[in-house]
Amino acid sequence: MAEHEHVRVAVIGSGFGGLGAAVRLRREGITDFVVLERAGSVGGTWRDNSYPGCACDVPSHLYSFSFAPNPDWPRTFSGQEHIRAYLEHVADVFGLRPHLRFDAEVKRMTWDTEKLRWDIETAAGALSADVVVSATGPLSDPKIPGIPGLDSFPGKVFHSARWDHDYDLRGKRVAMVGTGASAIQIVPAIQPDVARLTLFQRTPPWVMPRVDRAISAAERRLHRALPFTTQARRGLLWGIRELQVQAFTKRPDELGLVEQLAKRNMARAIKDPALRVRLTPDYRIGCKRILLSSTYYPALAQRNVDVVASGLSEVRGSTVVAADGSSAEVDAIIFGTGFHVTDMPIAERVVGAEGSTLAEAWKGGMEALRGASAAGFPNWMTIIGPNTGLGNSSMILMIESQLNYMADYLRQLHVLGGRAALDARPGAVAAWNHRVQERMKRTVWNTGGCTSWYLDASGRNTTIWPGTTTEFRRATQRVDLAEYDVIRAPLSEGAHGARSGAEVGA
Ligand SMILES: Cc1cc2nc3c(=O)[nH]c(=O)nc-3n(C[C@H](O)[C@H](O)[C@H](O)COP(=O)(O)OP(=O)(O)OC[C@H]3O[C@@H](n4cnc5c(N)ncnc54)[C@H](O)[C@@H]3O)c2cc1C
């Protein structure tokens, strides 16, 4: 059988994480890598989410790469098509095209303990790699709850991240399930077109006004002529959020004032006291992601909208039934029910040194060293791994920190020379996660009195970083070799990789 292709690094995914990794690899002088993407184009989140109203909720000048500033963002919160175009542009400008492999879904990767490499099966064939950088995204596999009767619903059903643009919603009776970040963008965008909109709300979100405006031609000219002004704008946006996060992580009690602002935002649009009660959250603001919209409440106040303060529990023919017994007949059901987050789907496809999957290793909850590497899975790291999410700022800041870590990881491997691999020590992983969970205890995400998608089935917060982005940047600046076992390739054929405790001071 012909020997398959071997690369130094295989990156999985071509969203912000995967493309960022590719840029960074090239900057580190590594060109022997591929980016494996299951879809037919780059963009990740911003390719898959094309629902009406889709836009970022962190200002564009912060929600973009620091190494690829864009003076031409059209709005303070730019829309999906502009963010997608930006990522296509990044792929072009940084010469990433030759590395991209589309329609190459990674089905399985298995660590070869003798050859110290990952054997990777993809939809486009097999290859192997010394190092895998998994950037499959925290929000890339849509989750549709198992609703009894849904299979026999005669109308149209789709998820917000798989919008069916061929289906015309005009004049239709639509059930929108969920009131998270996507739903609150969709509702005002489709409300004027549909005949009737029934919104199933299990838990009301806190919604703050979104100060969205067109960025003027003069501002853009200024940014183009004087690039430091783009950096200054970004710095300001970052600094504000860096200060804000302290309230979430250390002083949730002080968030009452912010709740007053959110209540005022609601009161401006919702005049019906009964509806206001239904829309008022009973948990501390920030516990779930704070949503930004100046159009959501005005849309809910329209006569063609019903807010059902209960989750969808059953579908009977074309009738959707809520847990509180209320029902409506609809033509279409749109799920804005989020993604597989705490059960990272790629984990089922990674088989480590002991022959078991990462999903098995994580059955008690995801955990990784510095958000990147898991014990028993040598030379495998995630971008946006466990506890790297943010409640209030740009994920690009976290991605870039993880890219620093990735770059140093590869430098360390290079210094070790020859064939070697790094395997996170179980004690180091445990110590890191202990620190993270200790800090988590007093954060609003754990104390705010809500159940959110940040928490896993056992109630542990395995998604959010409980600190500032600066702290995470510091923690990921360098790989500390004392936190890893160094595995050397065996001298003789057939022997297993040898662990060198001496090299790590064991
Ligand atoms: C609607 C929406 C709005 C958001 N808005 C913001 C915002 O305003 N600010 C913010 O900070 N964050 C936001 N986020 C979070 C956002 O997901 C991250 O900011 C960022 O885009 C994640 O990038 P990523 O590359 O890690 O993942 P993704 O963009 O999800 O990319 C992952 C890629 O991996 C590919 N992939 C997955 N599995 C496989 C496989 N087995 N084989 C091959 N390829 C695979 C996917 O096809 C995808 O292209 C938003 C998320 C959503 C869904």
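Attention in this report is confined to the structure presented alongside it. (Residues numbered from 1 in each chain as written. Predicted model: local features only at pLDDT ≥ 70, side-chain atom pairs only at ≥ 80, totals over all residues. Heavy atoms only, no water.)

**Notes on the pairing of strand 4 (residues 106-112)**
Piece 1. Examined bridge by bridge, strand 4 and strand 5 (residues 117-122) share six bridges and lie antiparallel to one another. Looking at the pairing, Val106 lines up with Thr122 of strand 5.
Piece 2. As defined by bridge partners, strand 4 adjoins strand 17 (residues 350-351) across two bridges and the pair is classed as parallel. For Thr110, the partnering residue across the bridge sits in strand 17 and is Val351. (Pairing = 2+ DSSP bridges. Helix = DSSP H or I, 4+ residues; strand = E, 2+ residues; numbered from the N terminus.)

**Concerning the site of the ligand**
Piece 1. Near the ligand, the surroundings consist of 36 residues, among which Gly17, Glu37, Thr45, Asp57 and Tyr63 are the closest.
Piece 2. Interatomic distance of 3.1 Å between a side-chain N/O atom of Arg38 and an oxygen atom of the ligand.
Piece 3. Within the backbone of Val58, an N or O atom sits 3.3 Å from an oxygen atom of the ligand.
Piece 4. Elements supplying a minimum of two residues to the shell around the ligand: helix 1 (16-27) and helix 2 (45-48).
Piece 5. With three residues, helix 2 is the single largest residue contributor to the shell around the ligand.
Piece 6. Looking at the shell around the ligand residue by residue, the classes come out as 17 nonpolar, 13 polar and six charged. (Near = heavy atom within 4 Å. Polar contact = N/O pair within 3.5 Å; in protein donor to acceptor, adjacent residues only side chain to side chain. Nonpolar A, V, L, I, M, F, W, Y, C, P; charged D, E, K, R; others polar.)

**Digging into the nonpolar core**
Piece 1. Counting 112 residues, the largest nonpolar core has Val9, Phe16, Val133, Ile190, Tyr297 and Leu300 as the members making the most contacts within it.
Piece 2. Residue assignment places this core across two domains, with domain 1 (5-141 + 340-505) and domain 2 (150-211 + 238-335) each supplying three or more.
Piece 3. Setting aside its immediate chain neighbours within four residues, Tyr297 contacts Pro205, Val207, Asn265, Met266, Ala269, Ile270 and Leu279.
Piece 4. The next biggest cluster of nonpolar side chains, apart from the first, holds 28 residues, and it includes Leu116, Leu127, Val350 and Phe377. (Core = buried A, V, L, I, M, F, W, Y, C linked by side-chain atoms within 4.5 Å. Buried < 20%, exposed > 50% of the residue type's maximum accessible area, 1.4 Å probe, protein only. Domains from an automatic or database assignment. Contact = heavy atoms within 4.5 Å.)

**Quick word on the sheet that holds strand 9 (residues 196-200)**
Piece 1. Strand order in the open sheet formed by five strands is 7-16-8-9-12, and the pairing between neighbours is parallel. Every interior strand has two partners, whereas the edge strands, strand 7 (156-159) and strand 12 (305-308), have only one. On average, each strand axis in the sheet is inclined to that of its neighbour by 15°, with strand direction left out of account.
Piece 2. Strand direction decides the pairing type here: strand 8 (residues 173-177) and strand 9, joined by five bridges, are parallel. Across the sheet, Ala175 pairs through a bridge with Thr198, a residue of strand 9.
Piece 3. Seen against the sheet, helix 4 (residues 183-190) touches strand 8, strand 9 and strand 16 (332-335) and runs at an angle of roughly 165° to strand 8. (Axes fitted to C-alpha atoms, helices over the stretch in contact; angles between N-to-C directions.)

**Comments concerning the sheet that holds strand 15 (residues 327-329)**
Neighbouring strands of a sheet are bound in pairs by backbone hydrogen bonds; such pairs are parallel or else antiparallel.
Piece 1. Pairing in this open sheet of three strands is antiparallel, and the strands run 13-14-15 from one edge to the other. The outermost strands of the open sheet, each flanked by one partner alone, are strand 13 (312-316) and strand 15. Mean inter-strand twist for the sheet, computed between neighbouring axes without regard to direction, equals 20°.
Piece 2. Relative to strand 15, strand 14 (residues 319-322) is paired through three bridges, and the arrangement is antiparallel. Across the sheet, Thr319 pairs through a bridge with Glu329, a residue of strand 15.

**A closer look at helix 3 (residues 80-93)**
Piece 1. Taking 1.5 Å as the rise per residue, helix 3 with 14 residues should run 20 Å; its terminal C-alpha atoms sit 20 Å apart, in good agreement.
Piece 2. All of the buried residues in helix 3 are Gln80, Ile83, Tyr86, Leu87, Val90 and Ala91. Viewed end-on, helix 3 has its buried residues packed into an arc of 140°, placing them on one side of the element. Residues of helix 3 that are exposed and point more than 90 degrees away from the buried face comprise Glu81 and Val93.
Piece 3. Elements in contact with the buried residues of helix 3: helix 1 and helix 2.
Piece 4. Taken from the residues just after helix 3, Gly95 is the one with a positive phi, measuring 65°. (Expected span 1.5 Å × (residues − 1). Arc of directions from axis to C-beta.)

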